[in-house]
Amino acid sequence: MSNSGRNLAPDSANTRRDLPKDFAIFLDFFLQATAMVGEDYFRLPVAGREDLLYRERVYCYELYHCLRLSMEHSGPSFPYTLCGELDKSGHPYIRGNSLDRVKPDFLVHKPLSMTLNLVAIEVKPVARTIRGGNQTGVVGWRAIGQEEIEKDLKTLTAFHRAGSYHRAIYLIYGNDDRRFQHIRAKAAVLSDKLGTEEIDLDLIDLYLHQESGQPASYQAWL
């Protein structure tokens, strides 16, 4: 999206783009990038601890790096830019609507164009750590809360509807099938409860990244 009201009319190159085809190309980059995320970024080692922690920011920063590397190999034929947590507040085309105060983890688009918004991505670990006191550190894990899932899915739906993004991706990482099934089931309940105007799972592709060194895999919604 543009930062001003100028140069927003689609040029001839923009009108010739095939967004479904471009999205399929991007998915190849996306899967390559997830496979490049190493174990130390997937689950963070901590001095003095035997277990490994899921740290969302650490994972996202490394995934951003790997995705940039994958996309850069495509050259100028793939005219999209990867942005991390881009703040859209005050944008002339979204001011006051459902996108004004939300920041997805990743946006892939062509700056200064309203016709080449390709994909919005939200990332979540399969579980959150539960912390004890200063001496006990991490004492367990908890499932991702319904409020977090609702916020992510509303954001992704809004970026498609109000931001004209072609598709959206919800990426869950971590190897815990029970908690992944919890996220998927909560998403279905929220979609039924709130309706497709707020959460439309048909617009959102669900991916699960279970292990470092392996690509994420597409998952069907319930």
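To be clear, the structure that these remarks concern was listed above.
Residues numbered from 1 in each chain as written. Predicted model: local features only at pLDDT ≥ 70, side-chain atom pairs only at ≥ 80, totals over all residues. Heavy atoms only, no water.

> Help me out: how do you make sense of the pairing of strand β3 (residues 117–125) in this one?
When a strand is regular, its side chains alternate between the sheet's two faces. Counting buried residues along β3, 9 of its 9 residues qualify, which places the element largely inside the surrounding structure. Summarising the sheet, strand β2 (residues 106–109) and β3 pair through 4 bridges and their orientation is antiparallel. Residue pairing across strands places phenylalanine 106 opposite isoleucine 121, the latter belonging to β3. The pairing of β3 with strand β6 (residues 167–173) spans 7 bridges and is parallel. From the neighbouring strand, valine 123 faces β6, where its bridge partner is leucine 171. (Buried < 20%, exposed > 50% of the residue type's maximum accessible area, 1.4 Å probe, protein only. Helix = DSSP H or I, 4+ residues; strand = E, 2+ residues; numbered from the N terminus. Pairing = 2+ DSSP bridges.)

> Before we go on, may I ask you to explain the pairing of strand β7 (residues 204–209) in this structure?
Across the 6 residues of β7, 6 count as buried, placing the element largely inside the fold. Bridge count between β6 and β7: 6 bridges; the pairing is parallel. By the bridge assignment, isoleucine 169 is partnered in β7 with aspartate 205. A crossover links β6 with its parallel partner β7, the connecting element being helix α6 (residues 177–194), and its sense is right-handed. (Right-handed = clockwise from strand over helix to strand, strands pointing away.)

> Would you take a moment to explain the packing of helix α2 (residues 19–36) against helix α4 (residues 56–72) for this structure?
In a pair of packed helices, the angle between the axes and the distance between the axes together describe the arrangement. Where α2 contacts α4, the axes come no closer than 8 Å and their chain directions differ by 130°. The pairing of α2 with α4 is recorded here as oblique in orientation. The crossing of α2 and α4 is right-handed. Across from Phe26, Phe29, Phe30, Gln32, Ala33, Thr34 and Met36 in α2, the residues of α4 making contact are Tyr59, Leu63, Cys66, Leu67, Leu69, Ser70 and Met71. Of the residues assigned to the contact of α2 with α4, the class counts are 11 nonpolar, 3 polar and no charged. (Axes fitted to C-alpha atoms, helices over the stretch in contact; angles between N-to-C directions. Parallel < 35°, antiparallel > 145°, perpendicular 65-115°, else oblique. Left-handed = near helix turned anticlockwise from the far one by under 90°. Contact = heavy atoms within 4.5 Å. Nonpolar A, V, L, I, M, F, W, Y, C, P; charged D, E, K, R; others polar.)

> What is the right way to read the packing of aromatic side chains from this model?
Describing an aromatic ring pair means giving the distance of the ring centres and the angle of the ring planes. Enumeration according to the criterion identifies 10 aromatic pairs in this entry. Aromatic side chains tyrosine 207 and tyrosine 218 sit 5.7 Å apart centroid to centroid with 75° between the ring planes, which places their arrangement in the edge-to-face category. Here tyrosine 207, found in strand β7, pairs with tyrosine 218, found in strand β8 (residues 217–219); they are 11 residues apart in sequence, far enough to count as distant. Every member of this aromatic cluster is reached through a ring pair, and the members are Phe26, Phe30, Tyr207 and Tyr218. (Phe/Tyr/Trp six-rings, centres within 6.5 Å; stacked < 30°, edge-to-face > 60°.)

> Sorry if this is basic, but what is going on with the pattern of salt bridges here?
Any two side chains of opposite charge can pair if their charged atoms end up close together. Per the stated rule, a full pass over the model turns up 11 salt bridges. Glutamate 56 serves as the salt-bridge partner of arginine 57, at 3.3 Å between the closest nitrogen and oxygen. Under the relative-accessibility criterion, arginine 57 is labelled partly exposed at 29%. With a shortest N-O distance of 3.1 Å, arginine 68 and glutamate 72 are connected by a salt bridge. In this pair, arginine 68 and glutamate 72 both sit in helix α4, 4 residues apart, roughly one turn of the helix. Among the ionic contacts, a cluster of salt bridges with common partners joins Glu56, Arg57, Asp105, Lys124 and Asp152. (Salt bridge = Lys/Arg side-chain N within 4 Å of Asp/Glu carboxyl O.)

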